[in-house]
Amino acid sequence: MNQNRKGQRAEIKMFRGVGYLLLVAAAFCTMVPLLWLLTSSFKTANEIFAVPIQWFPSFPPRVASSPYIVEDAYPKIEKPTVINETTWKALQPTLTQAIWTKAQTHIAANAQLANYVPSEKLQMEMIEGLWQQLVTSLPDEIWDGTQASIIGTVQDAVIPETVDTIWGSVYREVALGTLQIEDLDFNRTPVEDVKWETLQGTDARVRLSTDTQTVANLSYDFQDSDTLHITATVPISVPVDQIRRITLPVRGDASYHRLSLTLSVLQPETTVSTTTTGITYQPTRPYVLESALWKDAVWRLHGIPGELEASHITMQQMETTHTIQSMIGAETGNQLFLQLTIHQPPYLSIVWDKLTSNYRNLWKTVPYNRYFINSVFIATASTLLTLFFCSLGGYAFAKYQFRGQKILFGILLASMMVPFQVLLVPLFGLMYDMGWLNSYKAIIIPFSVGAFGVFLMRQFIVTIPSELIDAARIDGCSEFGIYYRIVLPIIKPALGALTIYSFLGSWNGYLWPLIILRDEAKYTLPIGLANLVGIYRQDYGMLMAGTLLSLMPIVILFLAMQREFVQGITLGSVKE
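Regarding the overall build of the chain
In step 1: For the chain, the helix and strand inventory stands at 22 helices and 17 strands.
In step 2: Taking all 576 residues of the chain together, the buried fraction comes to 41%.
In step 3: The contacts in the chain between residues at least 6 apart in sequence include a share of 79% that link residues at least 24 apart.
In step 4: Carbon and sulfur atoms make up 60% of the accessible area of the chain, which totals about 31900 Å².

Notes on the nonpolar core
In step 1: With 38 residues, the main nonpolar core has Trp196, Val250, Leu263, Trp299, Leu336 and Leu340 as its most contacted residues.
In step 2: The contact partners of Val250, leaving out residues within four places of it in the chain, are Val174, Ala175, Leu176, Leu259, Tyr287, Leu289, Leu293, Trp294, Lys295 and Ala297.
In step 3: Counting residues in hydrophobic clusters, the runner-up holds 32 residues, among them Trp88, Ile150, Ile166 and Trp167.

Notes on the packing of aromatic side chains
In step 1: According to the stated counting rule, one finds 25 aromatic pairs in the structure shown.
In step 2: An aromatic cluster of three or more residues is present, and its members are Phe388, Phe389, Tyr395, Tyr400, Phe480 and Tyr483.
In step 3: Just above the ring of Tyr347 sits the side chain of Arg62; from NZ or CZ to the centre is 3.8 Å.
In step 4: Geometry around Phe409 places Arg458 over its ring, the cationic atom sitting 4.8 Å from the centre.

Quick look at the confidence of the model for the chain
Detail in the predicted coordinates should be disregarded across regions flagged by low pLDDT.
In step 1: Across the chain, pLDDT averages 84, with 90% of residues at or above 70.
In step 2: This stretch, residues 269-274, has a pLDDT under 50; its non-local contacts, to residues over four places away or in other chains, come to 16 contacts.
In step 3: Per-residue pLDDT stays below 50 along residues 572-576; that stretch engages in zero contacts with residues further than four places along the chain or on separate chains.

Here we look at the packing of helix 3 (residues 85-109) against helix 5 (residues 120-137)
In step 1: One can describe the packing of helix 3 onto helix 5 by two numbers: an axis separation of 10 Å at closest approach and a directional angle of 100 degrees. For the element pair helix 3 / helix 5, the angle class is roughly perpendicular. Here Trp88, Leu95, Thr96, Gln97, Ile99, Trp100, Ala103 and Ile107 of helix 3 lie close against helix 5, whose contacting residues are Gln123, Met126, Ile127, Leu130, Trp131 and Leu134.
In step 2: Across the contact of helix 3 with helix 5, the residue classes break down as eleven nonpolar, three polar and no charged.

Here's the deal with the side chain of Ser255
In step 1: Its place among the elements puts Ser255 in the loop between strand 11 (243-251) and strand 12 (258-266).
In step 2: Note on Ser255: relative accessible area 0%, which makes it buried.
In step 3: In this structure the side chain of Ser255 is engaged in a polar contact, spanning 3.5 Å, whose partner is the side chain of Tyr220.
In step 4: Within the local environment of Ser255, its side chain forms a polar contact with the side chain of His257, the two groups lying 3.2 Å apart.

A look at helix 11 (residues 405-415)
In step 1: Of all the positions in helix 11, only Gln405, Phe409 and Leu412 are classed as buried. Take helix 11 and look down its axis: the buried residues cluster within an arc of 55 degrees, on one side only. Exposed residues on helix 11 whose side chains face more than 90 degrees from its buried face are Lys406, Ile407 and Ile411.
In step 2: Buried residues along helix 11 sit in contact with helix 10 (368-399) and helix 14 (451-461).

Here's the deal with the packing of helix 3 against helix 6 (residues 147-157)
In step 1: It is at 9 Å that the axes of helix 3 and helix 6 come closest, and there the two elements cross at 30 degrees. Crossing of helix 3 against helix 6: the hand is right-handed. From helix 3, Ala90, Leu91, Thr94, Leu95, Ala98, Ile99 and Lys102 reach across to helix 6, where they touch Gln147, Ile150, Ile151, Val154, Gln155 and Asp156.
In step 2: Along the lines of polarity and charge, the residues of the contact of helix 3 with helix 6 split into eight nonpolar, three polar and two charged.

The rules behind these values
- Residues numbered from 1 in each chain as written.
- Predicted model: local features only at pLDDT ≥ 70, side-chain atom pairs only at ≥ 80, totals over all residues.
- Heavy atoms only, no water.
- Helix = DSSP H or I, 4+ residues; strand = E, 2+ residues; numbered from the N terminus.
- Buried < 20%, exposed > 50% of the residue type's maximum accessible area, 1.4 Å probe, protein only.
- Contact = heavy atoms within 4.5 Å.
- Areas by Shrake-Rupley, 256 points an atom, 1.4 Å probe, with all protein chains shown as cover.
- Core = buried A, V, L, I, M, F, W, Y, C linked by side-chain atoms within 4.5 Å.
- Phe/Tyr/Trp six-rings, centres within 6.5 Å; stacked < 30°, edge-to-face > 60°.
- Lys NZ or Arg CZ within 6 Å of the ring centre and 35° of its normal.
- pLDDT = per-residue confidence, 0-100.
- Axes fitted to C-alpha atoms, helices over the stretch in contact; angles between N-to-C directions.
- Parallel < 35°, antiparallel > 145°, perpendicular 65-115°, else oblique.
- Nonpolar A, V, L, I, M, F, W, Y, C, P; charged D, E, K, R; others polar.
- Polar contact = N/O pair within 3.5 Å; in protein donor to acceptor, adjacent residues only side chain to side chain.
- Arc of directions from axis to C-beta.
- Left-handed = near helix turned anticlockwise from the far one by under 90°.

As structure tokens, then:
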């Protein structure tokens, strides 16, 4: 007997150990999507779509000069499995040179890429990137041919689109586009032939470009100083107090260095190194070179910004005395003296800018605050109405006897089996007839009573002793007083469970609000975040950041009502 009991205890311990391991494994599998969501909110687009999968965001490079080459962007060239070692040693030098020769042809033909700084490191990174693209696309049969046929096939596979893609992954350089001045009447005037110049004694260079999109390419080095300046003088056809904003297309180098624009209003007959007192506009914050793509850097001087213009940098006007170190013709009219400043912040600041870029851009790209407030209002109103009407309905079904009670309750339960998609068309027609389209009423009121909520409340209220309610009636309590003072405090655990279910359903609602709402100012978070990914936009990093922030109210609600929720789902599970 003792041996049998020991054997049973050992089996129980083993079963518990296996059960604990399975629970831990299940919890880990559940947390994997949340971990991916969290880490992706700090990643760039290249890191999100990296192959193989990159679980955690990488730190930005320590860049002291530009242009620069992204090191180890692609793995080293490896021998194809179908070629022997001897043949590969003889073929590899000729093959890599052939790939680079074909790539150079495409680079020279593309005006946007032709004005670059050559280097052996760039050549190697381009060859490695193109090789990785070729390995996945070329069949194994080509390696059985002669050396000439292999080289010809490989060169034919190097197409301009692939060269452009690899170039954008390995080569980083700051470029400036055509400056535009917009007045208060929203008239845009491009400023052609802007001559950007570097100040004497600075490690910065300006290279003019023949590309129609690129006006100048910038080279800089922070070895001697962490701040560099380039200047330009442009004529203006409108008074400076009528300028709404100045737009400068910038292709950054993903260095997370900071670019600032300072402009001064110059009067005629201003000469070199002349000290004058005038109006100067300085930015309230810098423009971060966080991307290697073309983006518009916008500095606002006057006017009220629009809802989606949070990314515009506000300029502050001040009276200053400044020394102009640029020759200005004496016969010209009013001009703007522009000074671009490139600053290298501390590396910790660069890391912070990189990890929070998706969150900062989220507020600049979409009115996230408005979406958040709309969702909070709709979810809160819908939850409160659901608690009130479902508890009333459950109380009526549980404690009142009336004709047709069981039939009505059966119909209520049967309605839970009807999919919501079946009700879309008739419900939309009803909202149209009532004139509730594009309103919050059409989202809140139709779902203020749900069959599941009434059923849940009824099952809890049934457990309340009827003698308690009869005693309250004898004491003179009204029917609503019984509901408010007796029933509601007792069913608080059930109300907590229903609160979480109702709030979660309303907070994540997407289909019905998308059908009803037409005004973007009334969009909820699911609709607003879904617009971040479309045909012309692929902002998955900001989508991850916005989705993670949208989880915070749900987590806070669950933590605040955790006790009631657990009691609600376990009440009645143990028989006294």
